[in-house]
Amino acid sequence: MARLPYPDAQQTDEKARTILSQLPALNIMHMLSHSSDILEGVAVMGNALLANGTLDPVLREVAIIRTGVLHRSTYEVHQHERIGRLLGMSDELLAAIHAGPDASAFTTLQSQVMRLTDDIVANSRASDSTFAPLASQLSHREMIELVICIGFYTMVSNLLNTLDIEIEAAGRQPDLSVAAR
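Residues numbered from 1 in each chain as written. Predicted model: local features only at pLDDT ≥ 70, side-chain atom pairs only at ≥ 80, totals over all residues. Heavy atoms only, no water.

Some points on unusual backbone geometry
Stage number 1. At Arg72, a position not held by glycine, the phi torsion is positive, near 55 degrees.
Stage number 2. One can find Arg72 in the loop between helix 4 (57-70) and helix 5 (74-86).
Stage number 3. Positioned with a positive phi, Asp164 is a non-glycine residue whose angle comes to about 55 degrees.
Stage number 4. Mapped onto the elements of the fold, Asp164 is located in the segment after helix 9 (140-163). (Helix = DSSP H or I, 4+ residues; strand = E, 2+ residues; numbered from the N terminus.)

This is how it looks when you write it as structure tokens:
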């Protein structure tokens, strides 16, 4: 059970209702509607990363899911594994994200993304040995998106864990295809 109640539509302001009407019906967004300004900021950043980014979506999801795994955020992992499947990620690849960067299912680039994610989550700053291999292969924009993705989903995972936000009930799973680009 969530530690704060999910607001009903009458408890949210018009701005929050408008924003929610444009988003998948996710419990996290519903919870964030307690503050329409925070809801708006999270939605804008999430959209920038998921719908408007240039980073390869599979690499993005590898980083997001790994961030969720490292933060033990069941909700985050659940939702982004769903997105990963929509992108065509195999069950073997999804399992490898849980296992770690040395899993055989990864390409070299995916393994490097895993190492960078692990390093940032553990140390708040990637070492040269995890940063440089990716920086030599990805554009500056892709590197910014990757690092922001890890930081953003760290924040989201902390929110989900602290507020005990539940995974949507079976039959109420929202359409996440917009994020599978």
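Structural notes on the packing of aromatic side chains
Stage number 1. Evaluated as defined, the whole model comprises one aromatic pair.
Stage number 2. For the ring pair Phe152 and Tyr153, a centre distance of 4.9 Å and an interplane angle of 90 degrees mean the geometry is edge-to-face. Grouping residues by exposure puts Phe152 and Tyr153 together as buried. (Phe/Tyr/Trp six-rings, centres within 6.5 Å; stacked < 30°, edge-to-face > 60°. Buried < 20%, exposed > 50% of the residue type's maximum accessible area, 1.4 Å probe, protein only.)

What to know about the environment of Phe106
Stage number 1. Mapped onto the fold, Phe106 is located in the loop between helix 6 (91-99) and helix 7 (108-123).
Stage number 2. Once the C-alpha coordinates of Phe106 and Leu159 are considered, the two residues, 53 residues apart in sequence, prove to be 29 Å apart.
Stage number 3. When near neighbours in sequence (up to four residues on either side) are disregarded, Phe106 contacts Leu93, Ala96, Ile97, Gly100, Pro101, Ser111 and Met114. (Contact = heavy atoms within 4.5 Å.)

A look at a nonpolar patch on the surface
Stage number 1. Taken together, the side chains of Met45, Ile144 and Ile148 make up a nonpolar region of the molecular surface, amounting to roughly 260 Å² of accessible area.
Stage number 2. Examined against the element boundaries, Met45 turns out to sit in helix 3 (residues 36-50).
Stage number 3. Among the residues examined, Met45 registers a relative accessible area of 33% and is labelled partly exposed. (Patch = residues over 30% accessible without salt bridge, like charges linked within 9 Å, V, L, I, M, F, W, Y side chains within 5 Å. Areas by Shrake-Rupley, 256 points an atom, 1.4 Å probe, with all protein chains shown as cover. Salt bridge = Lys/Arg side-chain N within 4 Å of Asp/Glu carboxyl O.)

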